[in-house]
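# Breakdown of the fold
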Amino acid sequence: MTILTVRSLKKDFGIKEILRDATFSLEEGDKVGLIGTNGSGKSTLLKMIAGIEPIDGGEIKINPGAKVIYLPQEPDLQEDYTVLEQVFAHSSEQMALLREYEAISAQLGENQGDHSLLMAKLTSVIERIEAAGAWELETNAKIILNKLGIEDFQARVGNLSGGYRKRIALASALLSTPDLLLIDEPTNHLDALAIEWLQSYLNHYQGALLLITHDRYFLDSVTNRILEIDRGNFYAYSGNYAYYLEKKAAAAEMIASSQRKHQGVLRRELEWLKRGPKARSTKQKARIDRIRAMQGQTFLEAAGKVAISTPSTRLGKKVIELHNISKSYGEKTLIKDFSYIFNPEERVGIIGSNGAGKSTLMDIITGKVTPDSGRVEIGSTVVFGYFDQYSESLSGHENERVIEYLKNIAELVKTADGSVITASQMLERFLFSPNQQYAPIHKLSGGEKRRLFLLEILMSAPNVLILDEPTNDLDVQTLGVLEEYLEDFLGCVIVVSHDRYFLDRTVDTIFAFEGEGKLRHYPGNYSVYLETQKTVTAESKTAKTASNKAVRPSQPSTSNKLSFKEKKEYESLEPKIEQLEREKSELEEILYQNPPEDFQELQLLSANLAKILTEIEAATERWLELAERDQ
């Protein structure tokens, strides 16, 4: 079934033509990745499909019975809602039933009103909840929220950070099971484990999906088609991201080959013309006309590609030394007694959950934040290039023209090969057209602002690069070029990122924030770290199982000894808990590794898992209670 049809779509913002003639369709089950450089129009296209942004030409047709959900990068949520209420925003009927159930239960618990009447209402609402599948919906909502790193379901949305809001909006979109899901950068603000879970979930999602993401592992795993926007042109590829790269490389080579042939023919024709034959015959005149036509022929470049060629400053042997640094905010310890000596040309990745202290560590290194204790020593030759998350240096310059902003940094730029180019030429290398160069900064897209900020950082000729979440808002093409640049960068690189692909390409050692201020060192890139973690987790589970079997309370209890019936119950609980744990593991493996495609079956399995978790908790508490008395 065709869910979406787009024909001859056009969009022009005046200073930039976004879409010239885009035509494509989405079928049920399609998983499509939308790629292009920052500012190429990816987010604009999603907004046009969602009906938020007007179109300048062409048409967009959506199947009348199809449910479409659009998740932007900055979702608009209800400040006074709890997390669960916001998640059920697209499931209002089920949410109303659950609220009614909670209200009646509260009245019964407080002995308010007619007990018989309240019980009758409660019975009625339970029947409606079961008919609407609201119990399973709530269970699924909590599972999804947990997998996205959210545990407090009653927290008010207005009190949460932007990252948590994005996750809540993502959970709400997934729970609503639309026929077409439009997602703009779903992996931003997610840690690696949450990204892996989302990747698995979307692989088994039955509806159509159109997504924008910079995460190339995610893009390669989830999609079966790629759509590309390149300087107003629209291209479609039937395959995942790896297939797209293969075809793109072949197309670039074909264009380059055609150009070489064209130049060869033109060169020979010009040589003929220079020999000065008299153009008297019709045949000779036709040949001259053909030469003029060839001189006027232009070729579209293979792709709009950022070209990074900036100088660096010599770096001495001493770079950064951290000696027993600690930092806390209130009762929360972010960094505790951490020491490390960074070496020249070292490539370090910093990972951890949101709020763990990664950005704080970067701010301590660059002197923006002072540690509570310990000391930081910086080498005398160090020149920092700090690519922070928020492009802070652009603040206050929103009305300044792009070219003027860059000229304030340098009017002439010395490149890596020693040549000198103008600020305008450098901007062109970073894909800023002449029109855009004279536009105010606030006219740029979020990704274009990040690209401008990256250019500003690299123009300062740093020899220590600190990249704090560089993959947020940078397109995959720019990231690829940045990765190549870092391979040849003569200096120290410190990367804070959740992007698995970027970390694998750029770092050779990992520091992981593991809670309570502890940072642990792992040699190797992110994939090596992940394998190490899997081994540690498996060993931990084995040790925990053995410990649970051996555990007994050390202090004698003054409680009464167990009765014969309680003794039998106590003896039966341990094998019962083990059986429940096995059932839990089996269900989790199905749900998280190979979930069923049938949604009703998925709901049933989720409800069973929730039930088993409750039974394990109750059985374990009872076992501990009886164990204390069995002394």
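Up top you'll find the structure we're talking about.
In what follows, the accompanying structure is described. All of these numbers come straight from a predicted model, not from anything done at the bench. (Residues numbered from 1 in each chain as written. Predicted model: local features only at pLDDT ≥ 70, side-chain atom pairs only at ≥ 80, totals over all residues. Heavy atoms only, no water.)

### Observations regarding the nonpolar core
The criterion, for reference: The set of buried Ala, Val, Leu, Ile, Met, Phe, Trp, Tyr and Cys residues whose side-chain atoms join them within 4.5 Å is what this entry labels a nonpolar core. Here's how the labels work: a residue is buried when its accessible area is under 20% of the maximum for its type, exposed when over 50%, partly exposed in between, all with a 1.4 Å probe on protein chains only.
With 54 residues, the main nonpolar core has L174 and L202 as its most contacted residues. By size, the runner-up hydrophobic cluster in this structure holds 46 residues, among which are I403, L454, Y485 and F502.

### Observations regarding helix α7 (residues 192-203)
Selection rule: Only DSSP runs of H or I with at least four residues qualify as helices, and only runs of E with at least two residues qualify as strands; both kinds are numbered from the N terminus onward. Helix span, expected: 1.5 Å multiplied by one less than the number of residues in the helix.
Under the 1.5 Å per step criterion, the end-to-end length of α7 is 16 Å for twelve residues, consistent within 8% with the ideal 16 Å. Within α7, nine of the twelve residues are buried, leaving the element largely enclosed by the surrounding structure.

### Considerations on the side chain of Q436
To be explicit about the condition: Residues count as neighbours in contact if any of their non-hydrogen atoms are within 4.5 Å of one another.
With respect to the helices and strands, the residue Q436 is situated in helix α14 (residues 434-437). Using a relative accessible area of 3% as the deciding quantity, one classes Q436 as buried. In this view, Q436 contacts K16, V402, L431, L444 and E448; residues no more than four positions away in its chain are not counted.

### As for the pairing of strand β19 (residues 509-513)
The criterion, for reference: Two strands pair under a simple rule: DSSP has to find at least two bridges between them.
Across the five residues that make up β19, a large majority, five, are buried. Of the two faces of β19, the one lined by T509, F511 and F513 and the one lined by I510 and A512 are each fully buried. Bridge count for β19 against strand β20 (residues 519-523) is five bridges, and the pairing is antiparallel. When the sheet's bridge partners are listed, A512 is paired in β20 with R520. Hairpin connection between β19 and β20: a loop of five residues separates the two successive antiparallel strands, and G515 in this loop has a positive phi of roughly 95 degrees.

### Observations regarding the sheet that holds strand β14 (residues 384-387)
How we decide: Throughout, an axis means a line fitted to C-alpha atoms (over the contacting stretch in the case of helices), and angles, computed between N-to-C directions, take values from 0 to 180 degrees.
With mixed pairing, the six strands of this open sheet are ordered in space as β14-β17-β18-β12-β19-β20. The sheet is open, and its two edges are formed by β14 and β20, each paired on a single side. Averaged over all adjacent pairs, the angle separating strand axes in this sheet is 15 degrees, with direction ignored. Across five bridges, the pairing between strand β17 (residues 464-468) and strand β18 (residues 492-496) is parallel. Bridge pairing links L465 to V493 in β18. Across the sheet, helix α16 (residues 476-488) lies against β12 (347-351), β17 and β18, angled at about 150 degrees from β17, the strand it touches most.

### Examining the pattern of salt bridges
Quick reminder of the rule: Any carboxyl oxygen of Asp or Glu that lies within 4 Å of a side-chain nitrogen of Lys or Arg is treated as forming a salt bridge with it.
Taken as a whole and judged by the stated rule, the model has 20 salt bridges. Here E17 and R20 are joined by a salt bridge, their closest N and O atoms 3.0 Å apart. Residues E404 and R401 are paired through a salt bridge, measuring 4.0 Å at the closest nitrogen-oxygen approach. Overall, the relative accessible area of 39% leaves E404 in the partly exposed class. Note on R401: relative accessible area 38%, which makes it partly exposed. If you follow the salt bridges from partner to partner, you end up with R216, E483, E487 and R505 in one network.

### A few points about the sheet that holds strand β1 (residues 2-12)
On the basis of which strands lie adjacent, the open sheet formed by three strands has the order β2-β1-β4 and antiparallel pairing. With partners counted over all chains shown, the strands left at the sheet margins are β2 (17-27) and β4 (57-62), one partner each. Strand-to-strand twist across the sheet, computed as the mean angle between neighbouring axes with direction ignored, equals 10 degrees. Strands in contact with helix α1 (residues 42-49) are β1, β2 and β4; relative to β1, the strand with the most contacts, it is inclined by about 125 degrees.

### Looking at α1
Since the α-helix turns once every 3.6 residues, residues separated by three or four places project in the same direction. Most of α1 is tucked away: six of the eight residues are buried. Just beyond α1, the residue with positive phi is G51, at close to 85 degrees.

### Structural notes on the side chain of D388
Test applied: Just so you know, the count uses Lys and Arg for positive and Asp and Glu for negative, and it drops His and the chain ends.
Structurally, the position occupied by D388 is in the loop between β14 and α12 (402-407). Of the side chains bearing the opposite charge, K368 lies closest to the buried D388, which forms no salt bridge; the N-O distance is 4.2 Å.

### Some points on the packing of aromatic side chains
Two numbers describe a pair of aromatic rings. These are the distance of the centres and the angle of the planes. We count it as follows: Classification of ring pairs uses Phe, Tyr and Trp, with its six-membered ring standing for Trp, and accepts pairs whose centres are within 6.5 Å; under 30 degrees between planes counts as stacked, over 60 as edge-to-face, and the remaining range as tilted. As a reminder, the over-ring test applies to NZ of lysine and CZ of arginine, requiring each to be within 6 Å of the ring centre and within 35 degrees of the ring normal.
All told, the structure shown has twelve aromatic pairs when counted by the stated rule. Where Y340 meets F342, the ring centres are 4.9 Å apart and the plane angle is 85 degrees; that geometry is what we call edge-to-face. Neither Y340 nor F342 differs from the other in exposure class; each is buried. Clustering of aromatic rings is evident, with ring pairs tying together F338, Y340, F342 and F511. Sitting over the ring of Y164, R167 keeps its end group 4.6 Å from the ring centre.

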